[in-house]
Amino acid sequence: MAFLFSSSSYALTVIIFLSFFFFLCNGFSYSSSSLFNTHHHRHHFAKHNYKDALTKSILFFEGQRSGKLPSNQRMTWRRNSGLSDGSALHVDLVGGYYDAGDNIKFGFPMAFTTTMLSWSVIEFGGLMKSELPNAKIAIRWATDYLLKATSHPDTIYVQVGDANKDHACWERPEDMDTQRSVFKVDKNTPGSDVAAETAAALAAAAIVFRKSDPSYSKILLKRAIRVFAFADKYRGTYSAGLKPDVCPFYCSYSGYQDELLWGAAWLQKATRNLKYLNYIKINGQILGAAEYDNTFGWDNKHAGARILLTKGFLVQNMKTLHEYKGHADNFICSVIPGAPFSSTQYTPGGLLFKMADANMQYVTSTSFLLLTYAKYLTSARTVVHCGGSVYTPGRLRSIAKKQVDYLLGDNPLRMSYMVGYGPKFPRRIHHRGSSLPCVASHPAKIQCHEGFSIMNSQSPNPNFLVGAVVGGPDQHDRFPDERSDYEQSEPATYINAPLVGALAYFAHAYGQL
């Protein structure tokens, strides 16, 4: 296979071959007109086609699927993979999602992704119209797997695949032959963080399916209750017992207290049981309800828990949760540019910037919280108090809109950071399946190390992972579009999940849905 040789003399050959593979692999996955024609609007005041971006942000999840793909799979360059997952411990762990550009199934970020997809549907699903069924399918692909991962009492299977060995290869998920090790937490090796996040995901999804599939919703909720009890009874961080396997990839840096608060909040919302409300009232401060941390993502859930619990006070008039209004305001104040106590950095181009590695996850999660809190504030006819300053729900929405618009192309580079949206977007994303020839064009197996010649090349990815949002630019708004730069060029499920809700809101607000 000459196109896999690493010698620079084959660079032109690689580009020619990959161009051929692009047309063969993407010919039926997503029409070229829908891929590139993203600025046709019915409303002149809508600069971006949020509806198109919403469609693509959900479609992305089909490209991350593991397991046996259904007949209606729209991302057609993908094929079945991981069909024996779980066999190492004689359990069925087929299905679920690969977290990002590798071929590992990490349970911690997968559960958070599921919670955020569900929250997106809970708050904004009523605006999604034709995309609501697709969003629910994306959620169910995850929850079906999480049910398998929690099938044994007091045990959660939290990872499939050896991350170190997987990262030493650059191969398609359909070809992967690295060891599919299975890692779990149990009574002896607790993992309150991953367990409580899994409980949150199951509980949030139970709300999503309550009306459309009541029997499935009951299964999810029953399992969520059991999993949360396990998380609370056997306390400890999962990365303490599984450090060599989950670190530095998804270490639980923030501890497990935030997940217990977050999980209890979702159980309270899903069950409406006073048991969880009392749990929150008694344990809230111990679990960090008032801690000053303003980063919301797969590791730290405090900010999300504060916003969610404030809904109970603002919208449902639950007086015992009144203190969370102040906690939520503190978080919001920290991200408002120029507000008293504002502590968030922004790039010269206006992008919220938390850290160099996958910064866009914080952009999408924060934007979602701003829009969701604005919804709660509007319902309660109140505002955010930052010291002596007052900020309206409209101000929160305008901040979120600026972030989403930056992601979609309103930035110094005039490029979208979502694959397939707009005329200019990342072409060399750090993603094994997207960067290598698809099975249809290249049926022969691509071995573990063979793919690195393509990974290190400058040729565009032959397969469009439509809707994928990458890590994004650096603190100076620079983006090199280098495949090897995983910090900036790698997509992840937890980047897209909260964006789904934000895009649904803006698509509706601008008359596109």
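Residues numbered from 1 in each chain as written. Predicted model: local features only at pLDDT ≥ 70, side-chain atom pairs only at ≥ 80, totals over all residues. Heavy atoms only, no water.

A. Expanded view of the pattern of salt bridges. Under the counting rule described, the total for this entry stands at 22 salt bridges. K56 serves as the salt-bridge partner of D52, at 2.9 Å between the closest nitrogen and oxygen. Linking D52 with K56, this pair stays in helix α3 (residues 50-63), spanning 4 residues, or about one helical turn. K56 carries the same exposure label as D52, and that label is buried. Each of the salt bridges in this network shares a partner with another, and the network as a whole consists of D85, K105 and R180. (Salt bridge = Lys/Arg side-chain N within 4 Å of Asp/Glu carboxyl O. Helix = DSSP H or I, 4+ residues; strand = E, 2+ residues; numbered from the N terminus. Buried < 20%, exposed > 50% of the residue type's maximum accessible area, 1.4 Å probe, protein only.)

B. Just helix α16 (residues 393-408), in detail. With 16 residues, α16 ought to run about 22 Å at 1.5 Å a step, and its terminal C-alpha atoms sit 23 Å apart, in line with that. Taken residue by residue, α16 has P393, L396, I399, A400, Q403, V404, D405, Y406, L407 and L408 as its buried positions. Looking one or two residues past α16, G409 carries a phi angle of roughly 140°, positive in sign. (Expected span 1.5 Å × (residues − 1).)

C. Inspection of the packing of helix α13 (residues 302-314) against helix α15 (residues 360-380) at higher detail. At a minimum axis separation of 10 Å, α13 and α15 run at an interaxial angle of 15°. Accordingly, the angle class assigned to the pair α13 and α15 is roughly parallel. Taken as a pair, α13 and α15 cross one another with a handedness that is left-handed. Residues A303, G304, I307, L308, T310, K311 and L314 of α13 form the contact with α15, whose own contacting residues are L369, T372, Y373, Y376, L377 and A380. Counted by class, the contact of α13 with α15 contains 9 nonpolar, 3 polar and 1 charged residues. (Axes fitted to C-alpha atoms, helices over the stretch in contact; angles between N-to-C directions. Parallel < 35°, antiparallel > 145°, perpendicular 65-115°, else oblique. Left-handed = near helix turned anticlockwise from the far one by under 90°. Contact = heavy atoms within 4.5 Å. Nonpolar A, V, L, I, M, F, W, Y, C, P; charged D, E, K, R; others polar.)

D. Spotlight on the UniProt feature "active site" (unreviewed entry) in the chain. Within this numbering scheme, the UniProt entry marks H430, D481 and E490 as carrying the feature "active site" (unreviewed entry). The named residues occupy 61 residues along the chain; their greatest pairwise C-alpha distance, 10.0 Å, places them in one compact cluster. Relative to the elements of secondary structure, H430 occurs in the loop between α16 and α17 (432-435). Residue H430 is classed as buried on the basis of its relative accessible area of 10%. Setting aside residues up to four positions removed in sequence, H430 forms contacts with G101, W170, R483, S484, Y486, S489, E490 and P491. Along the chain, E490 falls in the loop between α19 (486-489) and α20 (493-509). Apart from the residues lying within four places of it in its own chain, the contact partners of E490 are A100, G101, D102, H430, V469, V470, G471, D485 and I495. (UniProt positions renumbered as here; feature names shortened; annotations may be inferred.)

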